[in-house]
Amino acid sequence: MWKDRDKGDSMRFPLNNTFIFIFGALGGMLFGFDTGIISGASPLIESEFSLNAAQTGFITSSVLIGSMIGALTIGGLSDKYGRKKLLIVSAILFLLGSGLSATATGFVWMVMARILLGLAVGAASALTPAYLAELAPKEHRGSLSTLFQLMVTFGILLAYVSNLGFLNHNLLGFSDWRWMLGSALIPSVLLLIGGILLPESPRYLVKQGDVRDAFKVLQLIRKDMDATEVTAELDEIQRVANSEGSKKQGSVKELFTTARPAIIAAIGIMLFQQLVGINSVIYFLPQVFIKGFGFPASQAIWVSVGIGVVNFASTIVATIFMDRFNRKTVLFIGSIVMAVSLIALALLNFLGDVSHAAIPTMVLIAIYILGFAVSWGPLAWVMIGEIFPLSVRGIGTSIGSAANWIGNFIVSQFFLMLLAAFHNNVGGPFAIFAAFAVLSIPFVAKFIPETKGKSLEEIEAELRGTK
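All of the points below concern the structure found in this document. (Residues numbered from 1 in each chain as written. Predicted model: local features only at pLDDT ≥ 70, side-chain atom pairs only at ≥ 80, totals over all residues. Heavy atoms only, no water.)

**Structural notes on the overall build of the chain**
Thought 1: The number of helices and strands found in the chain is 23 helices and zero strands.
Thought 2: Against the compact-globule benchmark of 23 Å for 467 residues, the chain has a radius of gyration of 22 Å, which places it among compact chains.
Thought 3: With respect to the three principal axes, the spread of C-alpha positions in the chain is 70 × 50 × 40 Å.
Thought 4: Across the 467 residues in the chain, those meeting the buried criterion constitute 60%.
Thought 5: For the chain, contacts bridging at least 24 residues in sequence account for 83% of all contacts bridging at least 6.
Thought 6: Surface accessibility of the chain: about 17200 Å² in total, with carbon and sulfur atoms responsible for 69%.
Thought 7: In the chain, 33 side chains carry a positive charge and 29 a negative one; their mean positions are 4 Å apart. (Helix = DSSP H or I, 4+ residues; strand = E, 2+ residues; numbered from the N terminus. Rg over C-alpha atoms; globule rule 2.2 N^0.38 Å. Buried < 20%, exposed > 50% of the residue type's maximum accessible area, 1.4 Å probe, protein only. Contact = heavy atoms within 4.5 Å. Areas by Shrake-Rupley, 256 points an atom, 1.4 Å probe, with all protein chains shown as cover. Lys, Arg positive; Asp, Glu negative; His and termini not counted. Charge placed at Lys NZ, Arg CZ, Asp CG, Glu CD.)

Printed below as a string of structure tokens:
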């Protein structure tokens with residue numbers, strides 16, 4: 001019936017799938033860019049503003065305060081107003097935060113600008129996984145949802161390249177670090193344009209009772225399916241959306257009753273993703289090689305670029321192969337690779353000659369990044385977008401994302417202090433991260449559900465015990 005009623009009107013959104021999924025994941029690129037750019041800028045800001053280590057660390061971690069707030073608040077708003085509108089809001093916040101960061105004149109201004117930027121980063125981190133999961137077909141949801149993490153790693157790599165390109169180039173009388181931070185304005189504009197052009201999530205539209213537009217969007221993004229198959233998918237979405245458990249407005253109460261297994265899995269997977277130490281590498285790798293091994297700033301940033309390439313290339317591999325293997329198996333393998341490389345790294349720097357440990361440390365960090373980038377990096381974001389029921393998907397992904405930012409804040413705020421406590425021996429902090437990598441293995445075994453190859457509606461039915 002939908003074919004007859006909407007024929008000639010089904011292409012309200014004249015966009016192709018490539019545009020939709022890439023621009024839908026642009027929030028991830030800005031997430032990566034704005035969190036990675038500070039790694040090269042922070043030593044320069046520290047010098048210009050005469051900051052101590054604690055102040056420099058807080059400038060880095062202040063973005064995470066905003067991220068926690070943004071992640072927690074955006075979910076309920078997206079459930080009420082839609083994913084598309086809130087993507088536009090986050091793009092505007094990215095523009096404001098990037099501009100204010102680049103023009104900061106002191107510590108307080110910089111912290112306030114970074115908190116505002118964090119609101120945008122947190123919003124994007126909660127919105128984008130749910131949006132991509134709701135658009136993707138079940139057979140390719142892992143790979144398409146991994147686009148978010150791919151764009152995060154691409155943003156980090158672009159940030160490192162930007163740091164390298166602007167270093168020691170005070171163009172037009174402005175310091176190099178201002179150009180580094182200001183370069184985030186370009187992807188912010190792209191996200192704003194994309195947000196305006198992107199369609200709304202078909203599942204959100206069904207939830208709002210707008211079945212007609214939901215059918216149009218499904219026709220647009222399911223070009224390999226005929227009208228009958230699209231109608232069948234729409235019927236399944238409607239059936240679950242109208243079930244007794246889903247038709248109610250989602251609430252915090254539902255999160256801790258029906259959806260309790262999902263919230264435990266989401267909070268745990270997001271905390272472990274950070275507590276294995278990934279953002280200590282993303283944020284502070286130049287500092288590690290400057291303070292730990294005596295590298296000059298330019299060489300330390302080159303190390304960051306190399307690690308950024310490994311991170312990005314590994315995530316490309318994850319995107320290609322994500323839907324070929326069970327989610328839990330990939331997480332197990334990633335945990336083992338991270339644990340082994342981190343333990344080896346800690347032993348190398350504790351027991352070996354630190355003066356000869358720089359190159360082996362780079363290699364072990366690269367192996368650690370590889371293990372993370374093909375497993376926990378993308379899968380944590382994939383799974384928080386798919387394990388929650390429709391009625392609480394927005395608020396559920398918000399809480400999961402906020403847990404990620406809490407873990408991120410802990411790691412980033414205390415990493416430099418830990419490094420100093422171990423007399424700039426990187427073995428100390430990485431031994432702690434290794435312990436969390438080991439602990440992540442039993443957590444996956446007990447609390448993480450297998451979601452590969454299942455539709456969001458099938459996952460929800462299993463969660464509610466109706467299938």
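Read on, since the account is not over.
**Side note on the packing of aromatic side chains**
Thought 1: Enumeration over the complete set of coordinates arrives at 12 aromatic pairs.
Thought 2: Considering the side-chain rings of F49 and W177, the 5.6 Å spacing of their centres and the 80° angle between planes classify their relative orientation as edge-to-face. Residue F49 is found in the loop between helix 4 (38–48) and helix 5 (53–81), and its partner W177 is found in helix 9 (residues 176–182); the two are separated by 128 residues along the sequence. With respect to class, F49 is no different from W177; both count as buried.
Thought 3: Through successive ring pairs, a cluster of aromatic residues spans F272, W376, F443 and F447.
Thought 4: The residue whose ring lies beneath K446 is F447, and the NZ or CZ to ring-centre distance is 5.5 Å. (Phe/Tyr/Trp six-rings, centres within 6.5 Å; stacked < 30°, edge-to-face > 60°. Lys NZ or Arg CZ within 6 Å of the ring centre and 35° of its normal.)

**With respect to unusual backbone geometry**
Thought 1: Positive phi values are uncommon outside glycine, yet S50 reaches one of about 55°.
Thought 2: Within the secondary structure, S50 is located in the loop between helix 4 and helix 5.
Thought 3: A residue is classified by how much of its surface remains accessible, and S50, at 63% relative accessible area, is exposed.

**Some details on the environment of S398**
Thought 1: Looking at the secondary structure, you find S398 in helix 21 (residues 393–421).
Thought 2: Each residue touching S398, except ones within four places of it in the same chain, is listed here: A71, L72, I74, G75, G76 and A126.

**Considering helix 12 (residues 211–221)**
Thought 1: In terms of burial, helix 12 is a largely internal element, nine of the 11 residues being buried.
Thought 2: Every buried residue belonging to helix 12 is among V211, D213, A214, F215, K216, V217, L218, L220 and I221, and all of these are buried.

**Concerning the nonpolar core**
Thought 1: Formed by 139 residues in total, the largest nonpolar core has its most connected members in I45, L181, I269 and F289.
Thought 2: No other element matches helix 7 (residues 107–135), which puts 13 residues into this core.
Thought 3: If we ignore the near neighbours within four places in the chain, the residues touching I269 are L331, W376, L379, A380, M383, I384, F443 and I448. (Core = buried A, V, L, I, M, F, W, Y, C linked by side-chain atoms within 4.5 Å.)

**Remarks on the environment of A403**
Thought 1: By secondary structure assignment, the location of A403 is in helix 21.
Thought 2: Residues A403 and I37, 366 residues apart in the sequence, show an inter-C-alpha distance of 22 Å.
Thought 3: Non-local contacts of A403, meaning those with residues more than four positions away in its chain, are made with I267, M270 and L271.

**What about the pattern of salt bridges?**
Thought 1: If you walk through the whole model with that rule in mind, you get six salt bridges.
Thought 2: Across the pair R178 and E48 runs a salt bridge whose closest N-O atoms are separated by 3.9 Å. Of the two residues, R178 sits in helix 9 while E48 sits in helix 4, which places them 130 residues apart along the sequence.
Thought 3: The exposure class assigned to E48 is partly exposed, which follows from its relative accessible area of 40%.
Thought 4: Taken together, the shared-partner salt bridges connect R203, R222 and E233 into one network. (Salt bridge = Lys/Arg side-chain N within 4 Å of Asp/Glu carboxyl O.)

**Topic: the packing of helix 12 against helix 13 (residues 227–241)**
Thought 1: For the pair helix 12 and helix 13, the least separation of the axes is 10 Å and the interaxial angle reads 130°. As the angle between them shows, helix 12 and helix 13 are arranged oblique. The handedness of the crossing between helix 12 and helix 13 is right-handed. Residues V211, A214, F215, L218 and Q219 of helix 12 lie in contact with helix 13, whose contacting residues are A227, V230, T231, E233, L234, I237 and Q238.
Thought 2: Residue composition of the contact of helix 12 with helix 13, grouped by class: eight nonpolar, three polar and one charged. (Axes fitted to C-alpha atoms, helices over the stretch in contact; angles between N-to-C directions. Parallel < 35°, antiparallel > 145°, perpendicular 65-115°, else oblique. Left-handed = near helix turned anticlockwise from the far one by under 90°. Nonpolar A, V, L, I, M, F, W, Y, C, P; charged D, E, K, R; others polar.)

**As for a nonpolar patch on the surface**
Thought 1: A cluster of nonpolar side chains, contributed by I343, L347, F350, L351, F422, I432 and V438, occupies part of the molecular surface with about 620 Å² of accessible area.
Thought 2: Among the elements that make up the nonpolar patch, the one with the highest residue count is helix 18 (residues 327–351) (four residues).
Thought 3: Of note, V438 is situated in helix 22 (residues 427–447).
Thought 4: Judged by its relative accessible area of 42%, V438 is partly exposed. (Patch = residues over 30% accessible without salt bridge, like charges linked within 9 Å, V, L, I, M, F, W, Y side chains within 5 Å.)

**Re helix 21**
Thought 1: Over its 29 residues, helix 21 extends 41 Å from the first C-alpha to the last, a length consistent with the 42 Å expected when each residue adds 1.5 Å.
Thought 2: Its axis deflected by about 40° at F415, helix 21 carries its strongest bend there.
Thought 3: Taking burial as the measure, the 29 residues of helix 21 include 21 buried ones, the bulk of the element.
Thought 4: Within two residues after helix 21, H423 carries a phi angle of roughly 55°, on the positive side. (Expected span 1.5 Å × (residues − 1). Bend = angle between axes of the 7 residues up to and from the residue.)

**A closer look at a negative patch on the surface**
Thought 1: A grouping of E139, D224, D226 and E229 is seen on the molecular surface, where their side chains present a negatively charged patch.
Thought 2: For E229, the position within the fold is in helix 13.
Thought 3: Of the residues examined, E229 reaches a relative accessible area of 40% and is grouped as partly exposed.

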